[in-house]
Amino acid sequence: MAQARPAGASWANYENIMKLQAAHFIDAQRLWERHMHMAKYGATPAGGVDRQALSAEDIQAQKVLLGWGSELELVPARDAAGNLFLRLPGLEPGAAPVMTGSHMDSQPTGGKFDGIYGVLAGLEALQAIRAAGIVPRRSIELVAWMNEEGSRFAPGMMGSSVFSGSSTLDSILSIKDSRGISVQEGLEKVQAAFPLVPLWPLQRPVHAYVEAHIEQGPILESESYSIGVVSGIQGKRTFSVSLQGEEAHAGTSRRCDRKDALMAALQVVQALSALCNDDQDIVKFTVGRFQVKPNAPSVVPSLVEFSIDLRHPDSSVLQSLGDQVELLCAQNAGPCKATVRELSNAISLQFPQSMRTLISEVAQTQSISCMDILSSAGHDARYMHPICASGMIFIPCAGGISHNEAESANASDMANGAKVLVETLLQLAA
Ligand code: HGY
Ligand code: MN
Ligand code: MN
């Protein structure tokens, strides 16, 4: 509904005032309360969240999101990869939409804000657009990506990589969790939960994508900035390593005869850690999962399987370190057999300057302080970057703590992030 321009206001100034209308409808209390409500699904006794991809808790969270979306008359949809969409229709339904969102799945000892903040800030933005009575030219879609974390099904970012065509649907369906349940079986549970939500095709055209997320690091808080304009995402390679030995009696088998998979794994991890040890602490090398079989006190382990998460902002360093993993495993496996599988290999990326400039200008127009920042954490925006203009908006989190039940953020930072998000989306959808 167009309003007459007040006498005296210059058109540009008036347009800016009009455009800022949506940000005025961002409600910090509502945004906070929605986070606390979502945190019930997978709540852990220590105050964190364990909401695994395609789990009952994940499905409950999707049900709640669909409910909030229907109150706003957003059009719901899903795709074959388990992603969930809520669309605010634009004036030109045929135009490629602008997308915003993140993930609702969490790590086993996750917090109340990783991922879900990007989904709920996106919902808050759509609600503010509705409240301001603005109908954008392009539709704006909120997305909740399936399995960003990769903790139940590895690798992570499955939903966004399949949506964008970086990986195929077939390549994920047979991947199993630790209980032998496949992604396909998990997706069938979601299909059964939402039989009336229509399926939209994968690899649909998208005009632009903006993801809001907590920083998961200490910089914004320590430098006292409200917003991080994300310049890019550091590269990441993940591997699964197995050491195959032989079970033997802990009391009778001689060390010289043993094929002890655990001792071999310790040698291998030590060698990899030495390879990745740099004085500047830039290389990030993590062995997060370490499974021993048969895991019995009086049996020499016959099999050890462990994960490698390797990251570095310089793609050439990441490639050279990652390319040495297989040889190092073989050289340090002793009498055991080492098998190395690379699960993902993503180089560092830079978001387009145009997107970064837009986000900065929107923040400055609202007198919200912002700084450029590289993302050391991975995000679904990685897979949107090759198919459309993409960017990210960070907000501070307390002490930079994340992937930890103590993760926390504050309502005013969360609202500031949503205010910058909503105006950025409207500029992109104009
Ligand atoms: O691991 C990551 O960087 C992301 O938080 N899943
Ligand atoms: Mn995340
Ligand atoms: Mn995470």
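Worth saying up front: this structure is predicted, and the values here are computed from it rather than measured.

Some words on the coordination of the manganese ion (ligand 3)
Taken together, the protein ligands of the manganese ion (ligand 3) are Asp114 (OD), Glu149 (OE), Glu149 (OE) and His403 (NE2), with distances of 2.2 to 2.5 Å. Here the donor residues of the manganese ion (ligand 3) are spaced in sequence according to D-x34-E-x253-H. Separating the manganese ion (ligand 3) and the manganese ion (ligand 2) is a distance of 3.4 Å, and Asp114 donates to both of them. Taken together, the residues Asp114 in the loop between strand S3 (98–103) and helix H4 (116–131) and His403 in the loop between strand S16 (389–395) and helix H14 (411–429) connect sequence positions 289 residues apart. Classification of Asp114 as buried rests on a relative accessible area of 8%.

Regarding the coordination of the manganese ion (ligand 2)
When a metal holds four donors in a tetrahedron, each ideal angle between them is 109.5 degrees; when it holds six in an octahedron, the ideal angles are 90 or 180 degrees. The protein atoms that coordinate the manganese ion (ligand 2) are His103 (NE2), Asp114 (OD) and His213 (NE2), at distances of 2.1 to 2.3 Å. Along the chain, the residues donating to the manganese ion (ligand 2) fall in the pattern H-x10-D-x98-H. The class of His213 is buried, set by a relative accessible area of 1%.

Brief notes about the site of ligand 1
In the vicinity of ligand 1, the contacting residues are Glu148, Glu149, Gln216, Lys236, Arg311, Ala377, Gly378 and His403. Separating an oxygen atom of ligand 1 from a side-chain N or O atom of Arg311 is a distance of 2.7 Å. Here an oxygen atom of ligand 1 and a backbone polar atom of Gly378 are 2.6 Å apart. Taken by itself ligand 1 offers 210 Å² of open surface, and the protein chains cover 93% of this. Per-class residue counts for the shell around ligand 1 are one nonpolar, three polar and four charged.

Observations concerning unusual backbone geometry
Going from Ala154 to Pro155, the amide bond is cis rather than trans, its omega being 5 degrees. Along the polypeptide, Pro155 turns up in the loop between strand S4 (140–145) and helix H5 (158–163). Lys293 connects to Pro294 through a cis peptide bond whose omega is 5 degrees. Topologically, Pro294 is positioned in the loop between strand S10 (290–293) and strand S11 (299–300). Phi is positive for Asp281, which is not a glycine, with a value near 55 degrees. Relative to the elements of secondary structure, Asp281 occurs in the loop between helix H9 (261–276) and strand S9 (284–286). With a phi close to 55 degrees, His403 is a non-glycine residue in the positive phi region.

Some remarks on helix H7 (residues 183–193)
All buried positions along H7 are accounted for by Val183, Gly186, Leu187 and Val190. All buried residues of H7 lie within an arc of 100 degrees about the axis, which places them on one face of the element. Those residues of H7 that are exposed and angled more than 90 degrees off the buried face are Lys189 and Ala192. Turning to H7, the residues buried within the fold contact helix H3 (56–71), strand S1 (75–78), H5 and helix H6 (170–173).

Details of the pairing of S3
Of all six residues that make up S3, six are buried, and the element is covered over most of its length. In this fold, the crossover linking S3 to S4 by way of H4 has right-handed handedness. Inspection of the sheet shows S3 paired to strand S5 (residues 208–214) by three bridges, in the parallel sense. Bridged to Val98 within S5 is Ala208.

Definitions and cut-offs
- Residues numbered from 1 in each chain as written.
- Chains lettered and ligands numbered in written order.
- Predicted model: local features only at pLDDT ≥ 70, side-chain atom pairs only at ≥ 80, totals over all residues.
- Heavy atoms only, no water.
- Donors = N, O, S within 2.8 Å, 3.2 Å for Na, K, Ca; no water.
- Helix = DSSP H or I, 4+ residues; strand = E, 2+ residues; numbered from the N terminus.
- Buried < 20%, exposed > 50% of the residue type's maximum accessible area, 1.4 Å probe, protein only.
- Near = heavy atom within 4 Å.
- Polar contact = N/O pair within 3.5 Å; in protein donor to acceptor, adjacent residues only side chain to side chain.
- Areas by Shrake-Rupley, 256 points an atom, 1.4 Å probe, with all protein chains shown as cover.
- Nonpolar A, V, L, I, M, F, W, Y, C, P; charged D, E, K, R; others polar.
- Arc of directions from axis to C-beta.
- Contact = heavy atoms within 4.5 Å.
- Right-handed = clockwise from strand over helix to strand, strands pointing away.
- Pairing = 2+ DSSP bridges.

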